[in-house]
Amino acid sequence: MISIRHIVIILISLGFISKSSHALIQNQYDALVSINTALGQNWNFDTSNVCTQVNFKCDSTNTVIVLMNLVDPGVVSLPMPSAVYLLQNLTTLNVPVHINIGSDFWNGISSFNFLTYLYVTELTEALPDNIGLILPRSLETLHILVSIYSIPESFFSKSNLKSVTLLTLNTAEYYVLPTTLSQPSPLEEMYTVSFGSFMQGTQFPNLTLLGIRHKGSTNPMSYNSYNTWQATSLTIYNGEVPMHTFPTSILSMPKLQFLFYDTGNRLLGSNFILNFSNVMTLIDLKLYSFPISVMSYPAFSFYNRPSVFISNSTITFSILNMFSFSSVYFDKCVFLNNLPNGNYSSLYSLTIADSPAFTQNILDSTCQLKDSLSITGTGITSLPSCFICEWNTLKSSFTNNPSLPAYTQSCPGFQILNNTNDIPTNGGKMDINGLNLGWNIYNQYNFELINSQLLVGNEKFTIEIGPGSGVGKVTSVKFHSEANPHGPVYELSYKYQAPQVYNAFEQNGNALFINGTNFFDDSSKIQVYIAGKLVGTDGLTYFSIITKVNTVKYGQDLIVSLKVVVDGQSTQTIVAPAQPFSTVLDQTFPTLYSGGGYAIFTGEYLSYDTTIMNLTVNGIMFSLNIVESNSTQYLIKYDPIPPGSYPLEFNQLGYHLSGTIQVNNSQTCPVVHGYCLGPKPVCYSPYTGPDCSSLPANLTRIPFNDFQPIIQTSNTFQTVWKGEVYNFKFFLAPKSIQEIDSSGNVVGNYLPVGSYTLKKFPDSSSYTSPKMNSTTFVNAYEWFQWFGITRTSTGDDTPLVPSTYFYTMSTTTLNTNHFEYKYQITFEMVNPTIQLCSRVETGPLPTQDDVDYMKLKLNYLNLYTRIYKHTAVDVNQVALNYTTKTVSQQAQSINQEITITSPNSELFSFDLDFTVLFDEKSASSEASPICNNFTPPPTTPSDKPCPGTPQCGGASQGICNSGQCQCIAPWKGYQCDSKGGTLPPTDPDPNNPNLNQTTNDLAVHISIVSIRELDYNGVLVKEQPLSNWTYKKYPPTTEKQTFHYHVAPFANNNETVISVTVDYFYKDSQVEFAGQSFSKSTGSYKYSANITNWPFLKKTNQLQIVFLSGASDNQDSDNSCTVKNIAYSQDADLEDDVETVYIQVNGQTFQNKFINLAIVDGMIRQIRNIQLPDTEDDSNTQSNSLVGVLTPYHENFVVIDPDFSLLVSTVPADEKEGSICSKSKSKFTKGQLAGIIVGSVAGFIVLAVILGYILSKNVTVKVLLHKTHIIKMK
């Protein structure tokens, strides 16, 4: 049987019976019970709502009390029970009257570590002096409404309080607040009362809000220290205080932004003005019961335009200048006159509320308000039409005006007058002017336009127009969409402003930096023309343009025409020096020569721009052939002209010069790869030497000697030139230094030197001797890896070619004698295996003034020395006194001596430089060589037959040599059966450097397919296709047309660049490449490919540039035939190296020449050209060739230079061995066909007899022959 005890236990466990079902911690619950009993709070402890009381609340877990609002117990001074200190989680505590707040409470308040808000109605005992330290640090807000006890200073300065309300219910002056503080207070907000005395604000640096209620009929209202406070908000209430004047210290509060002043009708004054102009931060002013009607105009003045609220005041608009406000609100006011006429567009809003006596007409000018007009609770009878346009919207309010008609929305006075139609390209403002436009502007979808601005209510908007370019633009807008969403859409027309150039100047790399406005950042919309030529751009903004490099020729005193076009709109200007200048062409004209050549014209502030300048000789436009120029000279190439005197005319921007120029009979200069400038040769880069016929050998640097000032090859150099392999050494060193007196006696020998002081750098070294007999010698070497310029001892600049050693000797002495310096130079071929000839050549250097040269030649190899004829003697320049002599000379070596004699001087220095060059001529073919008796090994002539019948076209057309034809001009081709044809000029593809050209019935194609990286065994490790080329077309010359393409094939790698230059030749020309001269025929194409900084995976790898070329029959005729032949190198080491590919289609041949030389890091290197498997089979109408150009590893760059041309063959393709023809066209040659026909006549009779017999016996054969007949018929 279940007992009652068991039932109770079960019910308790199920929660049906509980002493307390709340979640409060027990001591919290017990404390509430104790407080309730002690203070007679009559709280409800019903378990269902114990944590949802009005007067106390729990935390989110319902376990602790966080808020307690005690109520007045109705009994005087009940003590605060100690149980309150158990509620340590309190954040808010409100203590009413009749609860004793004394020392016990303040001593225990530190228990409340989470208390943030404390409300005490009345202090019943004095606060402890250290109250500021006792209060919890969490306490930020404290209200004490009544106290007759003093508030200690620590309350303000030692507590962590942020906001306090003090003594606002006091009824008399008890002097409880300190008048001053000795330490700063952290208070930020304070509301309090004043009966006449009040604190200074100097120790309240953080206080932002100050509220004061003035009380007391005996209050003198003399407090006027508001300007000692840093408050941004000030609230003043006047109670029953005597009449008083406005406290003027408010007018100089340093940070005041918000002022609320209720005068209680106690403000006294007459004809006064309140000048707030020193309160620069004021933005909001609220005045109650303010005596405006007795003030003087304008009543108020401000630094800024605040928002003003005026209530319970009498308004005289002739006194109040309300247009000095940003907005104004009149509440419960009496108006003594009408609204004023004025600039309502300066007001944001105007409100008149709860003023039934206001019955005045609302002026039309109130339509100009920036935002709204609100008139409520008045007696007005009508409104301007602009407000009817916005009727039934929230824009303006006109409620509770019983005399106002029941309007419906309409807007008959709406009109758009005009709008801004010129917008900057970077975007700008469009002003829209009109009538009854409203206060908001919308797009066609009734959405308010972002970034629109109302300038004048109902009359003027401004909207933003985004960046753009061009003319004929429109933007769509709507008005009053909130009131009438179905209203019309208006299209406003505009255009973007034309570009304007302010200035332009050259910057690094001969790019032009252009400053201006109304440019654009989209390169497809902008074109820049400099000197009449379209140039590329690298940087575009709306205010600047940076052109690509090398778009101007120079920067100093640049004068050039500039045209900028932005989306069809253009501006033109002349780029010129900022300072005043005058153009002058020197009238000392150069002498011209009848054979043509080059001439230099000099002057000041000259322009190379032929759109603003021209120079003519006898009507011939010389200025079209300017080769080089700067602002002081032109280098002009001119064609042959007969001897005589000719008129010269020069014009530039208003400057005009007429003169006469002389043409003499031709004067030639010794030049091979260059031109004559008068009698002086000028070399084309990279050529050098006395006649510009030599190339730098680009040898690596010899390590500088650590002990002596000598240059000596420690190992044998090896190089290849003109098919000859050279192993050589060279040596340069001081041989002797002697001091010689005036009688010619040697009085001192200074070599050898015991030890030099060495200063060594990566590419230079200096050797300083010890002082010997008051004399010191300094030898210095510097090595130049690339083309460069250095300065000689006399301060002259001198150009240097790669791998040049520059030597300087300086002597300082106190002796009065002169010195003689001897140098030995040795050039030697080591273990020669070829015939050798040597030659010594010296003389003045034609290409450079005041320089002599010396060539020590071994075959094509040249140890080239330049001796500078000006020397530094003390502070003067004098001519160098020197001699040279050949000490010994053999076919394989030369030993030369240079002797230099110095004058008597304290300081003497001289210079020379030397390098190794490749010469175009061998020493054997020049005057007076010394040669050995080398006999080359015999060669066995090849018996390999040559192509063609007869071979090589016969003896008049070509010679057979080792199986290949060597053609006799004008014959060309694989078997010397063709003559030169002409490909027409191409219309280049701007997207890639492919050539697709058509002539007659032939179409040809050239393209670079890809670049492959191969390992040293030729195995592919990486292949990079090429796309996204940048294209540039250069102006044509009389010789050729040039197109340039470049691409950076790798993302995030701008250093690797593939550049392709395509030249089309209008006439037969000679071009220089890799130390050789090549003929280019009219109508041919040359491809120059330059690869820079390829990111090789290994230094042992190589590159393969893959060229695809092809030719096809345009007619796709069944009668077409093609044949492809390849001429390989006859060099035994390069026997599979492709030299020329001939692709013949019918009677025309597309010729592809591949040179086996490249320029690698400035050095001429031998390369290979390999035939690759074709990507598709040849047919009778088309044939293709895939050639890979193999180049070695490079550090900086590699350049290759194949060419492509057309030949016309006298022997059609179908008559050549290996041709591909259609099945309907016989592939036998005419000779073969003739033999076949003769033999067939006799054979046919025999065949007919045999066939007749077989047919009579064999049915199967009859069937086969019948089928064969059908096939033939088809």
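Within each chain, residues carry numbers counting from 1 in the order of the written sequence. Selection of residues for local features in this predicted model requires a pLDDT of at least 70, selection of side-chain atom pairs for listing and counting requires 80 or more, and totals for whole chains, interfaces and linings are taken over all residues. Each side-chain value is derived from all of the structure's non-hydrogen atoms; neither hydrogens nor water enter the calculation.

Our focus in this paragraph is the pattern of salt bridges. When a carboxyl oxygen of Asp or Glu is within 4 Å of a side-chain nitrogen of Lys or Arg, the pair counts as a salt bridge. On inspection of all chains with the given rule, the structure shows 29 salt bridges. Here Lys857 and Glu926 are joined by a salt bridge, their closest N and O atoms 2.4 Å apart. With Lys857 in strand S62 (residues 851-858) and Glu926 in the loop between strand S68 (907-919) and strand S69 (930-931), this pair connects stretches of sequence that are 69 residues apart. Members of the salt-bridge network, linked through shared partners, are Arg839, Glu841, Lys855, Lys857, Asp919 and Glu926. Numbering of helices and strands runs from the N terminus; a helix is a DSSP stretch of H or I covering at least four residues, while a strand is a stretch of E covering at least two.

This brings us to the sheet that holds strand S37 (residues 569-575). Note on sheets: strands pair through backbone hydrogen bonds, and any given pair is parallel or antiparallel. A pair of strands is treated as paired once DSSP finds two or more bridges between them. In space, the four strands of this open sheet follow the order S33-S32-S36-S37, with antiparallel pairing throughout. Each edge of the open sheet carries a strand with a single partner, namely strand S33 (533-535) and S37. Across this sheet, the average inter-strand angle for adjacent strands is 25°, counted without regard to direction. The pairing of strand S32 (residues 526-530) with strand S36 (residues 560-566) spans five bridges and is antiparallel. Following the sheet pairing, Gln527 is matched in S36 by Val565. Only the contacting stretch of a helix is used when fitting its axis, a line to C-alpha atoms as for every element, and angles between N-to-C directions run 0 to 180 degrees.

By definition, pLDDT measures how confident the predictor is in each residue, and it falls between 0 and 100. Chain-level pLDDT for the protein is 87 on average; 93% of the residues reach the 70-or-more range. Contacts are assigned to residue pairs that have any heavy atoms within 4.5 Å of one another. In the model, residues 1224-1274 has pLDDT below 50 throughout and makes 20 contacts with residues more than four positions away in sequence or in other chains.

With that settled, consider the environment of Glu491. Looking at where Glu491 falls in the secondary structure, it is placed in strand S29 (residues 490-496). By relative accessible area, which is 56% here, Glu491 ends up exposed. Linking Glu491 and Thr475, residues 16 residues apart in sequence, is a C-alpha distance of 5.6 Å. Throughout this description, buried means an accessible area under 20% of the type-specific maximum (1.4 Å probe, protein chains only), exposed means over 50%, and partly exposed covers the range between.

A few words now on the environment of Asn1093. With respect to the helices, strands and loops of the structure, Asn1093 is situated in the loop between strand S81 (1085-1092) and strand S82 (1102-1113). Considered as a pair, Asn1093 and Thr63 are 1030 residues apart in the sequence and their alpha carbons are 75 Å apart. Setting aside anything within four residues of it in sequence, one finds Asn1093 in contact with Glu1055, Thr1056, His1194, Glu1195 and Asn1196. Identification of polar contacts relies on pairs of N or O atoms within 3.5 Å, with a donor-acceptor requirement for protein atoms, meaning one able to donate a hydrogen and the other able to accept it, and with residues adjacent in sequence counted only if both atoms are side-chain atoms. For Asn1093, the side chain forms a polar contact with the main-chain oxygen of Glu1055, separated by 3.4 Å.

The next point concerns unusual backbone geometry. Residue Pro298 is bonded to the preceding Tyr297 through a cis peptide linkage, with omega at 5°. On the secondary structure map, Pro298 appears in the loop between strand S14 (284-288) and strand S15 (300-302). Cis geometry is found at the peptide bond from Thr949 to Pro950, where omega equals 0°. Considering the arrangement of structural elements, one finds Pro950 in the loop between S69 and strand S70 (958-961).

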